[in-house]
Amino acid sequence: MRRLSLKVKLTLLYTVLMTAVTGGVLALLFSLSGKELLAGVQGQLEQRVSEAGEDIEWDDGKLRFDADLLSLEYGVYLSVYDADGYLLYGKVPYGFDNSAVFEDGTVREYSADGADFYMMDLFYQVKDYGAVVIRGVTSITDAEASFRFAIRLAAILMPLLTVLMAAMGYLMARRTLRPVSRVTETVRQIQTDGDLSRRVSLGKGSDEIYRMADTFDRMLDQIEESFQREHRFASDASHELRTPVAEMLLQCEELMQNEALDEQTRSGIEFLRQKSLHLSQIISQLLFLTRADQGRQKLTMERLDFGELTAMVCEEAQILAQDADSASAISIETQIERDLYILGDETLLMRFWMNLLQNAITYGRSGGHIRVTVQKGIGRIEGSILDDGIGISEEDLPHIWERFYQADTSRTRENSSGLGLAMVKWIVKEHGGEITVRSRIGEGTEFSFWFPEG
């Protein structure tokens, strides 16, 4: 039941309840109708017998009988007997044993040859003739047969009625839950494209679903406003920090040109320069992401040889990887196919590679290796970057694309801003591609991606 949709559950509940109610009502009606039917048969028998005396008279020395006695009104057979039980006129049902003893004024049940009958006798005095016995007989079996036919017909129609109720219940449930589907679809679209400006907008309504949708829209208003304030703050703060950080870097450069500085002072200034440079990079990345969030980060798309661009960036990254102690330098190996063209922004794609390579260098194993692979797929360009570094834990993997996220084991290096992979994710998405990651602690990390072929 947990796997069934709410529409199906409501449909099943509605169908079961309506079927139970309908079945119960029909059972009650048939039970009462059976009793009423038999009571009605008895009443019709009594009426026909009591009226039959009017159709008998003594005329010109003979008993005369009206032809109405032979009519089967209400299914009642009428017959007239003299005092000795001799049949004078009328007829009886087929299979009825006419040997029953006369009893005046009582309705009795009588069985003969497997059939059941109601029978009533009436002693009647005919003027100038004397006593006769009027007997009325009607078949209980025939009446019950008609009733059983009605029951069988109801049993046949009940499944059809159940199907009809299920269809009506499903349509009602779908119509009732349509606003819920709209809310769900709006949430799914927001999750997919991150557009917080979307709203459910069901319009005016007073039921619970409309109130829920209105509450959801107002909550989205607050969330969007909060994000906009955050983005404005990040953008404003980044702009305000760029100038003083640039001045700090410039001042450090000027101080470093002074040959009179002792080694300790020069080392302190170099430390400040490195920190200022790192802060400048963070500000630049933050500005990039805030522009992207606000839709102001424009892409200059052109047809590029992605393989050539990759090889060029890998050569630059190899220089960075060897800046440290040569004994612990990380080597970058490449396997790049030729003529790999895509439609993209050259600057952003270079930043895409540099962020991935810097990430691999920063968290790589001392003296380790980085393997870069780019090849042609079916209608797309596929690539990967594999290192043998410290790896990322399974619980941290879903969060590595988040801004400023710092995992306890794999992302605690002091030169990490926590923004590089967020930029990578955005660049891949804007180029119509996709990127995934797999990693194991102590064994390394592999980023795999693809871009549409251009």
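In this report, the structure presented in the accompanying data block is examined. (Residues numbered from 1 in each chain as written. Predicted model: local features only at pLDDT ≥ 70, side-chain atom pairs only at ≥ 80, totals over all residues. Heavy atoms only, no water.)

**Comments concerning the overall build of the protein**
The helix and strand inventory of the protein stands at seven helices and 14 strands. Looking at the protein as a whole, 35% of its 454 residues are labelled buried. Put simply, 61% of the contacts in the protein that link residues at least 6 apart link residues at least 24 apart. (Helix = DSSP H or I, 4+ residues; strand = E, 2+ residues; numbered from the N terminus. Buried < 20%, exposed > 50% of the residue type's maximum accessible area, 1.4 Å probe, protein only. Contact = heavy atoms within 4.5 Å.)

**Remarks on the sheet that holds strand β6 (residues 115–126)**
An order of β4-β3-β7-β6-β5 is seen for the five strands of this open sheet, with the pairing classed as antiparallel. A single partner strand is all that each edge strand has here, and the edge strands are β4 (87–90) and β5 (107–112). Neighbour to neighbour, the strand axes of the sheet diverge by 30° on average, direction disregarded. By the bridge criterion, six bridges tie strand β3 (residues 76–81) to strand β7 (residues 130–139) in an arrangement that is antiparallel. Within β7, the residue paired with V76 across the bridge is T138. (Pairing = 2+ DSSP bridges. Axes fitted to C-alpha atoms, helices over the stretch in contact; angles between N-to-C directions.)

**Regarding the pairing of strand β14 (residues 444–452)**
With eight bridges connecting them, strand β12 (residues 380–387) and β14 associate as antiparallel partners. Its bridge partner lying in β14, E382 is registered against W450. One ladder, built from seven bridges, connects strand β13 (residues 434–440) with β14; its direction is antiparallel. Looking at β14, one finds that V437 is bridged to F447. Hairpin connection of β13 to β14: three residues between the antiparallel strands, including G442 at a positive phi of 80°.

**A word on a nonpolar patch on the surface**
Nonpolar side chains collect at one region of the surface, where L153, I156, L157 and L160 lie side by side and expose about 400 Å² of accessible area between them. Under the relative-accessibility criterion, L153 is labelled partly exposed at 39%. (Patch = residues over 30% accessible without salt bridge, like charges linked within 9 Å, V, L, I, M, F, W, Y side chains within 5 Å. Areas by Shrake-Rupley, 256 points an atom, 1.4 Å probe, with all protein chains shown as cover. Salt bridge = Lys/Arg side-chain N within 4 Å of Asp/Glu carboxyl O.)

**Some thoughts on the packing of helix α5 (residues 306–321) against helix α6 (residues 346–362)**
Axis separation between α5 and α6 bottoms out at 10 Å; the angle between their running directions is 40°. Relative to α6, the element α5 lies oblique. Here α5 runs over α6; the crossing is right-handed. Residues F306, L309, T310, M312, V313, C314, A317, L320 and A321 of α5 form the contact with α6, whose participating residues are E346, L349, M350, F352, W353, M354, L357, Q358 and I361. Looking at the contact of α5 with α6 residue by residue, the classes come out as 15 nonpolar, two polar and one charged. (Parallel < 35°, antiparallel > 145°, perpendicular 65-115°, else oblique. Left-handed = near helix turned anticlockwise from the far one by under 90°. Nonpolar A, V, L, I, M, F, W, Y, C, P; charged D, E, K, R; others polar.)

**Quick notes on the pattern of salt bridges**
Using the criterion set out here, one finds twelve salt bridges in the structure. Between E73 and R48 there is a salt bridge whose closest N-O contact spans 3.7 Å. With E73 in the loop between β2 (62–65) and β3 and R48 in helix α1 (residues 6–52), this pair connects stretches of sequence that are 25 residues apart. Taking relative accessible area as the criterion, E73 reaches 38% and is therefore assigned partly exposed. Notably, a salt bridge pairs R218 with D214, separated by 3.1 Å at the nearest N-O pair. Residue R218 and its partner D214 are located together in helix α3 (residues 208–256), separated by four residues, close to a single helical turn. Since its relative accessible area comes to 45%, R218 is described here as partly exposed. Among the residues examined, D214 registers a relative accessible area of 40% and is labelled partly exposed.

**Regarding helix α7 (residues 420–430)**
Within α7, eight of the eleven residues are buried, which leaves it mostly tucked inside the rest of the structure. The set of residues buried in α7 consists of G420, L421, A422, M423, V424, W426, I427 and V428. Downstream of α7 by a residue or two, G432 has a phi angle that is positive, lying close to 75°.

**What to know about the nonpolar core**
Within the largest apolar cluster, 38 residues are counted, with the highest numbers of intra-cluster contacts made by F306, F352, W353, L357, I370, V372 and I385. Counting only elements with at least two residues in this core, the list comes to α5, α6, β11 (369–376), β12, α7 and β14. If you tally residues by element for this core, the top one is α6, at nine residues. Beyond its immediate sequence surroundings of up to four residues, L357 is in contact with V313, C314, A317, I332, I370, V372 and I385. Residues A52, Y118, V126 and V132 belong to the second largest nonpolar core, which totals 16 residues. (Core = buried A, V, L, I, M, F, W, Y, C linked by side-chain atoms within 4.5 Å.)

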